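The lines below spell out each chain.
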Amino acid sequence: MVIASSAEQNHPGAAQLPNDSYTPLVGSESRVESPRYRCPVASCHQTWYRHSSDEDIPHCPIHDVVMIRDSKVH
Ligand SMILES: [Zn+2]
């Protein structure tokens, strides 16, 4: 008997097999836009895009208030 699994673990190309079903997710990822944040002051146009969930929400440089999530209507 040959234990094939041990050989696959040492083969980087083996990762392509299970990831094949994930390929469509690359395209669907474009639907998830970076959340946009804006200053809660209505007359303020400061906006900021959160590209990573690790990023902290910044303050508006003008009003020194934490930006809020801008809920866009699709
Ligand atoms: Zn502001």
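Worth saying up front: this structure is predicted, and the values here are computed from it rather than measured.

Trainee: Could you give an account of the environment of Met 67, with specific residues and numbers?
Mentor: Its location among the elements puts Met 67 in the loop between strand 2 (47-49) and strand 3 (68-69). Considered as a pair, Met 67 and Trp 48 are 19 residues apart in the sequence and their alpha carbons are 8.1 Å apart. Filtering out sequence-adjacent residues up to four positions away, Met 67 remains in contact with Tyr 37, Arg 38, Cys 39, Trp 48, Ile 57, Pro 58 and Cys 60.

Trainee: Describe the environment of His 45, naming the residues involved and giving the relevant values.
Mentor: In this fold, His 45 is placed in the loop between strand 1 (36-38) and strand 2. According to the C-beta neighbour criterion, His 45 is exposed, with 10 such atoms within 10 Å. For the pair His 45 and Cys 60, spaced 15 residues apart in the sequence, the C-alpha separation amounts to 9.6 Å.

The rules behind these values
- Residues numbered from 1 in each chain as written.
- Predicted model: local features only at pLDDT ≥ 70, side-chain atom pairs only at ≥ 80, totals over all residues.
- Helix = DSSP H or I, 4+ residues; strand = E, 2+ residues; numbered from the N terminus.
- Contact = placed C-beta atoms within 7 Å.
- Buried ≥ 20, exposed ≤ 12 C-beta atoms within 10 Å, placed from the backbone.

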